[in-house]
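Spelled out from the first residue to the last, the chains are:
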Amino acid sequence: MELRHLKYFVAVVEQQSFTKAAEKLFIAQPPLSRQIQNLEYELGIQLFERGSRPLVTTEAGHFFYQHALHLLSQADELKLMTRRIGVIDRTITLSFVGSLLFGYLSKIIFLFKQRNEHLKIELVEMSSVEQIQALKDGRIDIGFGRVDIPDPAIKRIHLREEPLVIAIHAGHPLAHFKEGIFLKDLVEEDLIFYPKNDQINFSTQVHELFSQQGLTPQHVRYVREMALACGFAAAGDGIVIVPKSAENIHLTNLKFIPILDENALSHVVMAVRDIECTDDIQAFFDCIYQVYDLEGIAYQRLDV
């Protein structure tokens, strides 16, 4: 007697029909009937009342059904416990650029944690450039950034495009343009770019956006990260170009105005080692799209 025989028997009892049970089990009816007959032969008893419609178990069949449920439940519990032991010492390390936590990444990570309670998950903030080397060194398993950096050892997945907006003090004249402004309207303004380092980063992308329009910002200064830049803007000390998800930063007198240029977009990019696609990575990938679906976020689904 094997566990599959118990599963077959339980399905027939619960469906009260060989035909319906076969459909539920995705097998043909004749093999299912033979398996039940073999089970009855092995037990030396009749499990179903012959000719009953719908099917009814005999007294012995009912007794066997109750204990079969118990055994199947124990088997499932054993399988789950064994899996937990197998993953308890496993760690998956996720890296991200800080601005992404103001968007949907925090929800995605939370969902992944809920589904993998016995998997150790470590979070590390890194720039997009740092993530590439960390992936190749095996220090992280997944990276999330806004800059697409080509590398033959790394597979990059474009998850979605996020519109850009400006963060500005409510008293600034441009704050009255609620429908939006164009990049050309910002050329003479005091702009704050971030982050402040020599790597290819988000500020590099913003400079390129202006360059594509044949524009050169005249007054630019740099700060360490987005939240600090928004703090300056809330104090009336400059304007910041940020992804739309930065609207989750709530500061007094800080307003967000859309940028109307078509190319004013920020890419959200996921990076993994090109030769690797573990079940953990695929599971995380599935969480991404579940959150996007729930939030109504437009995206083009790709597989790792």
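It should be noted that the structure appears before, not after, this text.
All values reported here derive from a predicted model rather than from experimental measurement.

A. The arrangement of the overall build of the chain in detail. The helix and strand inventory of the chain stands at nine helices and nine strands. The C-alpha atoms of the chain give 29 Å as radius of gyration, which overshoots the globular expectation for 304 residues (19 Å, by more than 25%). Among the 304 residues that make up the chain, the fraction classed as buried is 43%. Each charge class in the chain can be summarised by its mean position, and for the 30 positive and 40 negative side chains these summaries are 5 Å apart.

B. The packing of helix α1 (residues 3–15) against helix α2 (residues 18–25), seen in detail. Between α1 and α2, the least distance of the axes is 8 Å, while the angle of their chain directions is 125°. Classed by the angle they form, the pair α1 and α2 counts as oblique. In this structure, α1 meets α2 at a crossing whose hand is right-handed. Where α1 abuts α2, its residues Tyr8, Ala11, Val12, Glu14 and Gln15 lie against Phe18, Lys20, Ala21, Lys24 and Leu25. Its residues assigned to classes, the contact of α1 with α2 shows six nonpolar, one polar and three charged.

C. Broad picture of the packing of aromatic side chains. Under the counting rule described, the total for this entry stands at nine aromatic pairs. Seen from their ring centres, Phe144 and Phe284 are 5.5 Å apart, and the 45° between their planes marks the pair as tilted. One end of the pair, Phe144, is in strand β3 (residues 142–145); the other, Phe284, is in helix α9 (residues 279–295), and 140 residues separate them in sequence. Across the pair, Phe284 and Phe144 agree in class, each one buried. Measuring from ring centre to ring centre gives 6.0 Å for Phe193 and Tyr222, while their planes differ by 90°; the resulting arrangement is edge-to-face. Of this pair, Phe193 sits in strand β5 (residues 190–193) while Tyr222 is found in strand β6 (residues 219–222), placing the two residues 29 residues apart along the sequence. Look at Phe193 and you get buried, because its relative accessible area is 2%. Taken together, the ring pairs in this structure connect Phe9, Phe18, Phe48 and Phe64 into an aromatic cluster.

D. Up close: the pattern of salt bridges. The full count for this structure, using the stated rule, is 14 salt bridges. One salt bridge connects Asp148 with Arg156, and the closest N-O pair in it is separated by 2.5 Å. Residues joined in a network through salt bridges with shared partners are Arg146, Arg160 and Glu162.

E. Broad picture of the packing of α2 against helix α3 (residues 29–43). Their axes nearest at 9 Å, the elements α2 and α3 cross at an angle of 105°. Put simply, α2 runs roughly perpendicular to α3. The residues of α3 that touch α2, namely those facing Phe18, Thr19, Ala21, Ala22 and Leu25, are Gln29, Leu32, Ser33 and Ile36. Partitioning the contact of α2 with α3 into residue classes produces six nonpolar, three polar and no charged.

F. Summary view of the nonpolar core. Ile166, Leu186, Phe210, Ile241 and Val242 are the most contacted members of the largest nonpolar core, which has 36 residues in total. Those elements giving two or more residues to this core turn out to be β4 (154–169), β5, α7 (202–212), α8 (226–234), β7 (239–243) and β8 (254–258). Once residues within four sequence positions are removed from consideration, Phe210 is found in contact with Leu183, Leu186, Val187, Leu191, Phe193, Leu215, Pro217 and Ile241. Ranked by size, the runner-up nonpolar core spans 28 residues in total, among them Leu94, Leu111, Phe144 and Phe284.

Calculation criteria
Residues numbered from 1 in each chain as written. Predicted model: local features only at pLDDT ≥ 70, side-chain atom pairs only at ≥ 80, totals over all residues. Heavy atoms only, no water. Helix = DSSP H or I, 4+ residues; strand = E, 2+ residues; numbered from the N terminus. Rg over C-alpha atoms; globule rule 2.2 N^0.38 Å. Buried < 20%, exposed > 50% of the residue type's maximum accessible area, 1.4 Å probe, protein only. Lys, Arg positive; Asp, Glu negative; His and termini not counted. Charge placed at Lys NZ, Arg CZ, Asp CG, Glu CD. Axes fitted to C-alpha atoms, helices over the stretch in contact; angles between N-to-C directions. Parallel < 35°, antiparallel > 145°, perpendicular 65-115°, else oblique. Left-handed = near helix turned anticlockwise from the far one by under 90°. Contact = heavy atoms within 4.5 Å. Nonpolar A, V, L, I, M, F, W, Y, C, P; charged D, E, K, R; others polar. Phe/Tyr/Trp six-rings, centres within 6.5 Å; stacked < 30°, edge-to-face > 60°. Salt bridge = Lys/Arg side-chain N within 4 Å of Asp/Glu carboxyl O. Core = buried A, V, L, I, M, F, W, Y, C linked by side-chain atoms within 4.5 Å.

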